[in-house]
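# Working through the structure, step by step
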Amino acid sequence: MLSAQSKKIVRDLAKAPGKTALLVLAIALGVVAIGSILDAYAVLSREIQANYLGTMPAMATIKLESQGVSDELDQVVASLPGVAAVEKRAMILARMKIGPDWLPLLLMVVDDFSHLKLNRFKPISGAWPPPEGTMLVERTALRVMQARPGEKILVKTPHGTEMDMVISGVVHDPGLAPAWQENLGYGYISLKTLRLLGESQGFDELRLLFDNPNAQVGEIETRAGAVAQWLVRHGQKVHEVQVPPPRFHPHQGQMTAVLSLFALFGFATLILGAILTAVVISTLMVRQIREIGVMKALGARSGQIAAIYLGMIVLIALAAVGLGLPVSRLLSWLLIEAVADLLNVTIQNSSPPLWAPMVQLFSGLLVPVCMAFLPVRRAGKMSIRTALGNYGISQSLPSKPALAATSKVRLRFSNPSLNLAVRNIFRQKTRLVMTLLLLAAGGGLFMTTLNISKAWDTNIQKIQKVRLYDLEIRLAETRAVDSTLPDRIRMLPEVKAVEGWQMLPMAFDRGLAFHPIRTYPDKRHGSAYIFGLEPDSELIRFPVLEGRWLGPDGKQEVVLNHMARFQMPDIQVGQELTLWVEGRATRWHVVGFIQDLGSPSASAYTARRELNHALGLSDTGNLVRVAFHHGDGESIQQAGRVVEALLSSSNTPILETYLMTDIRNAVADHMKVLIRSLLVMALLMASVGIIGLAAAMSMNILERTRELGVLRAMGASSRDIYYLVMAEGLFIGLLSLVFAKVLAMLLSKALGSFLGTMAFRAPLPFTISLGGVGAWVLLIFFGALAATYFPARNADRMTTRESLAYE
Amino acid sequence: MKEEDIIIENLHKNFPAGAGNFQALTDISLRIPQGSLTALTGKSGSGKTTLLNMIAGIDRPTKGRITVAGRAIEALSEDELAGWRGKNVGIVFQFFQLLPTLTILENVVLPMDFCRIHKKSQRSSKALELLRVVGIADQAHKFPAALSGGQQQRAAIARALANDPPIVVADEPTGNLDSQTAETIFALFQSLAQSGKTVLIVTHENAFAKYFQKVFSISDGRIHESADTHWKGAICSVRKAKR
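Calculation criteria
Residues numbered from 1 in each chain as written. Chains lettered and ligands numbered in written order. Predicted model: local features only at pLDDT ≥ 70, side-chain atom pairs only at ≥ 80, totals over all residues. Heavy atoms only, no water. Helix = DSSP H or I, 4+ residues; strand = E, 2+ residues; numbered from the N terminus. Contact = heavy atoms within 4.5 Å. Buried area = accessible area lost by both parts, 1.4 Å probe. Salt bridge = Lys/Arg side-chain N within 4 Å of Asp/Glu carboxyl O. Polar contact = N/O pair within 3.5 Å; in protein donor to acceptor, adjacent residues only side chain to side chain. Nonpolar A, V, L, I, M, F, W, Y, C, P; charged D, E, K, R; others polar. Pairing = 2+ DSSP bridges. Axes fitted to C-alpha atoms, helices over the stretch in contact; angles between N-to-C directions. Buried < 20%, exposed > 50% of the residue type's maximum accessible area, 1.4 Å probe, protein only. Expected span 1.5 Å × (residues − 1). Arc of directions from axis to C-beta. Parallel < 35°, antiparallel > 145°, perpendicular 65-115°, else oblique. Left-handed = near helix turned anticlockwise from the far one by under 90°. Phe/Tyr/Trp six-rings, centres within 6.5 Å; stacked < 30°, edge-to-face > 60°.

Our next topic: unusual backbone geometry. Cis geometry is adopted by the peptide bond preceding Pro-129 of chain A, which originates at Trp-128 of chain A and carries an omega value of -5°. Within the fold, Pro-129 of chain A resides in the loop between β4 (122–126) and β5 (134–138).

Right, let's get into the interface of chain A and chain B. Facing 25 residues of chain A, the contacting portion of chain B comprises 30 residues. When chain A packs against chain B, close to 2600 Å² is buried across both sides, 60% of that on carbon and sulfur atoms. At the boundary of chain A and chain B, one finds two salt bridges. With a shortest N-O distance of 3.0 Å, Glu-106 of chain B and Lys-7 of chain A are connected by a salt bridge. For the pair chain A and chain B, the number of links is eight residue pairs in polar contact (both at pLDDT 80 or more). The element best represented in the side of chain A that touches chain B is helix α1 (residues 4–15) of chain A, accounting for seven residues. For the side of chain A that touches chain B, a count of residues per class yields nine nonpolar, five polar and eleven charged.

As a further point, take the sheet that holds strand β5 (residues 71–72) of chain B. Residue and element names in this part refer to chain B. Ordered by their spatial adjacency, four strands build an open sheet running β2-β1-β4-β5, and the pairing between neighbours is antiparallel. Strands at the two margins of the open sheet, each flanked by one partner only, are β2 (20–32) and β5. Here strand β1 (residues 6–17) runs beside β2; their pairing, made up of nine bridges, is antiparallel. Across the sheet, the residue bridging to Phe-15 is Phe-22, located in β2. Along the sheet, helix α1 (residues 48–55) makes contact with β1, β2 and β4 (63–68), crossing β1 at roughly 120°.

What follows concerns the pattern of salt bridges. All names here are of chain B. Considering all chains together, one arrives at 32 salt bridges over all chains under this definition. For Asp-5, the salt bridge identified is with Arg-31, shortest N-O distance 2.5 Å. With Asp-5 in the segment before β1 and Arg-31 in strand β2, the pair connects residues that are 26 residues apart, well separated along the chain. Look at Arg-31 and you get partly exposed, because its relative accessible area is 36%.

What follows is about the environment of His-12 of chain B. For His-12 of chain B, the location among the structural elements is in strand β1. Setting aside residues up to four positions removed in sequence, His-12 of chain B forms contacts with Gln-23, Leu-25, Thr-26, Asp-27, Pro-61, Thr-62 and Lys-63 of chain B.

The next thing to look at is the environment of Thr-134 of chain A. Residues and elements named next belong to chain A. Inspection of the secondary structure puts Thr-134 in strand β5. What makes Thr-134 buried here is its relative accessible area of 10%. Separated by 30 residues in sequence, Thr-134 and Asp-164 have C-alpha atoms that sit 8.8 Å apart. Once residues within four sequence positions are removed from consideration, Thr-134 is found in contact with Met-165, Val-166, Ser-168, Tyr-188, Ile-189 and Thr-193. A polar side-chain atom of Thr-134 sits 2.9 Å from a polar atom in the side chain of Ser-168.

All names here are of chain A. With six of its six residues buried, strand β19 (residues 623–628) lies for the most part within the structure. Relative to β19, strand β11 (residues 471–475) runs antiparallel, the two being bridged by four bridges. When the sheet's bridge partners are listed, Leu-471 is paired in β19 with Val-626. For strand β12 (residues 495–508) and β19, the ladder comprises six bridges, and the chain directions are antiparallel. Pairing of Ala-497 across the sheet is with Ala-627, part of β19.

Side chains three or four residues apart in an α-helix point the same way, a direct result of the helix having 3.6 residues per turn. Residues and elements named next belong to chain B. Compared with an ideal rise of 1.5 Å per residue, which puts 16 residues at 22 Å, helix α6 (residues 179–194) spans 22 Å between its outermost C-alpha atoms and is within 8% of the ideal. Those residues of α6 that fall on the buried side of the exposure criterion are Thr-181, Ala-182, Ile-185, Phe-186, Leu-188, Phe-189, Leu-192 and Ala-193. Each buried residue of α6 lies within a common arc of 155° when the element is viewed along its axis, so the set occupies one face. Among the exposed residues of α6, those pointing more than 90 degrees away from its buried face are Ser-179, Gln-180 and Gln-194. Close packing links the buried residues of α6 with β3 (37–42), β6 (89–92), α4 (120–134), α5 (149–160), β7 (167–171) and β8 (198–202). Of the residues flanking the start of α6, the one acting as N-cap is Asp-178, its side-chain oxygen 3.1 Å from the backbone nitrogen of Gln-180. Once α6 finishes, Gly-196 follows within two positions and takes phi at roughly 105°, a positive value.

Moving on, we get to the packing of helix α3 (residues 104–115) of chain B against α4 of chain B. All names here are of chain B. Their axes nearest at 9 Å, the elements α3 and α4 cross at an angle of 120°. Classed by the angle they form, the pair α3 and α4 counts as oblique. Considering the relative orientation of α3 and α4, their crossing is right-handed. Along its contact with α3, which presents Ile-104, Leu-105, Val-108, Val-109, Met-112 and Asp-113, the element α4 presents Arg-123, Ser-124, Lys-126, Ala-127, Leu-128, Leu-130 and Leu-131. Split by residue class, the contact of α3 with α4 holds nine nonpolar, one polar and three charged.

The next point concerns the packing of aromatic side chains. All names here are of chain A. All told, the structure shown has 14 aromatic pairs over all chains when counted by the stated rule. Ring centres of Phe-531 and Tyr-605 lie 5.1 Å apart, and the angle between their planes is 10°; this geometry places the pair in the stacked category. With Phe-531 in strand β13 (residues 528–533) and Tyr-605 in strand β18 (residues 602–607), this residue pair connects regions lying 74 residues apart in the sequence. Each member of the pair, Phe-531 as well as Tyr-605, carries the same accessibility label: buried. Judged by centre distance (5.9 Å) and plane angle (50°), the ring pair of Trp-549 and Tyr-605 falls under tilted.

Here's what the structure looks like:
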């Protein structure tokens, strides 16, 4: 049977269901926030690692210029010291026709589907291995291909002919970024199928795994260089050595950004939840002070009083944890699914490790008890005389500091009720500070989120503003863009401007015999390119970060983008730089750095003539960039098709085409989940702030019940009471706006820098979302009205006699 | 002088106030014999409740000594005082101060729980017995809000007796009751005094002077003989001057 104390706990909670629910909600918010983040973090860290490492990612890829890697060579390299596994592969950048457009299709040519050793992928459905003339498709590519297994896709390789290929199966390759983000297709074919597509090349890649599973990039580069040297000594021509960041998923940076941000918000919500808990517990204690006095008068010791109220808090915390655990599991599951989709990983086991819910349980119970400890202790220590004589604050004058604070507020209204409302909010300084803290933090984070979201959009718009072209066509030959091609394109009525560029993979000189590049097998993430263009190009307007843009003749000059600076932070303006291009060392003078937003690659910009000269090429190119007269999406797509048709009619081999709108969408897609999740977090923060205001207002009213009774006795109407209470809430809300705004500015700057650096390698521009400010003002306005309505109604419902006799 | 008497010597009590210290009690010395029914009278703000609070261990003197049931209570810590109070003093308040979320029976059991006076299994039956004594056993399982003022005050008296304390103090116990109910409450206090308990009551109600064996009158923080004719005969010897 329950003791009288236990019964008191239960019934006190039941007697004030609103306050109990508020307290449960306040604690549950923290539990949900920290729980969902912890669960997601624990599960994603484990599963991403397991997915990516499960593919046995090659530590290095050596690309040969020979026509094919023989079985013998494969085996001999596998027997070299330190080499743990070797697999020969080839990769072709083909094109696929989706509707009226040709999109890039990355074809992975696999030697033996039954014995994949490196960069493994798993069959999901359909054939395995793919029958001759068919291809397997990575699961995330189906969306881009707008096709289902069994359907045909028209495919064309650079040197082959168009061919209908059946999608014979679907695979999952966790080592690749999702195809929908990159706006391309991923196909897996056999060498025989490649032949059917009209390509004569064989396996030209040796993918390598070394025997030190924890090797760092430097060690891998040295070892890969040694293998490359061995290959050269044995008559092979090494074209390129690729060493991607070891054990690091191509989108690991994104995941780190997402999870770090969530962790930050989770922590902030936990803190806010804790403050809210403290505010609500104080509300609860206000009501209990006289009862504490009575119990002490009956012989209860401070410890017994504390036990009753801490027991009450533990009961509430248990209810909150009980509510928060399943909600946080649901949220974490949604978060895990979203991030898994973002990173193309399959969650094998969505159960978090035991420590995650344990930490959640611990924080859900410990934080409220810690927060309750001081108010409970204070109430327990209160003398019986003070406790029994407690009539809230109505009997006592505000403290001297509170009066001083009030006097500092120069606001003076002709309406005495407004003066009363303004002065009332300064009567309980600690509570005011806590409420302001809650509202400012909620509002600050809310506005920060919208600022970041806007800054992200601004950056995406910048990508278009600095790139004044609409279409980019990469051609299969370095000499494909002769002097006549741009003129032919320019003749088209849709075309406003056209330029022919040279674009080639490059490697920085790292003082090794070979010059590894940090590219992933998809050849996109971590890639580095050198561009040759007319220095007075009209199609780009990159902001210069340091130094200057290329001079009119650009003699041996190079300008590097911010991604290159990130990869090679020691390079300075004025320095001589060696870049390895097409197996040749080319020497350049660094004249400046530019911000090249949206570029996934480290890029070097040179005069085309200079680049071709350095490589012994005539003044030609392999890249066409075109600007059209019409700027809307449909017209650009249509114009792009016209240009493509022109190139096809002249048998110019197209490697891939990009519309700028596609690039912008791909960049936007990379962080869509993050921005959406941030908005959810922002709303959570906002609700914590508003609940905090409601709790504080409820406590203010409760304490001043007698005072309100006096006002009513003096003739105040219900309207006056509502007006007074709501005006107080609104003043607090308005006051919090100032702090929220300052916090939002500071946080936006810091977060923008963190996220921008993570995603673009450049801070996001400092942007203020006026919509965000407006939304928060409205939220505060209506939130404050809603938060004060119920306390005001309760105060109004009391008769004057009840209010005056209120204990 | 019996050891169970309440003895107050040179008691002073000051309260900090905006304009400096407010002297609530000045040099009070008195003795209340065990088993007496004693009244403390005086105007509002005279210091009678303050004195009662000192005797009940609810408040502490600024200076002076209070010996209750053979123990100098001003030296006790808060927790010692709570334990001592639970066992030695039963308190009855003007506004009853029953805990609203406990039934009448549970309100009476609560002090037993705090002081662990009886075995857990016996507490309810003891509480019921006390409710029977004050005449509201049939209301035991109701919540306070369901009872009349008089019934609530009887319940409060039962609660004050829960741990069978030698002393019962009451602050304006009938201030909120009609005269008929007040009469029965005073009769109840009289029977308690007759059973050997020391009962000290702060009251304005001179109509019930007949019940008191001793009356102390306080004004401006000092104890002196009451000029009120209604209290004549009940005024006992007061040692007002400093020794």
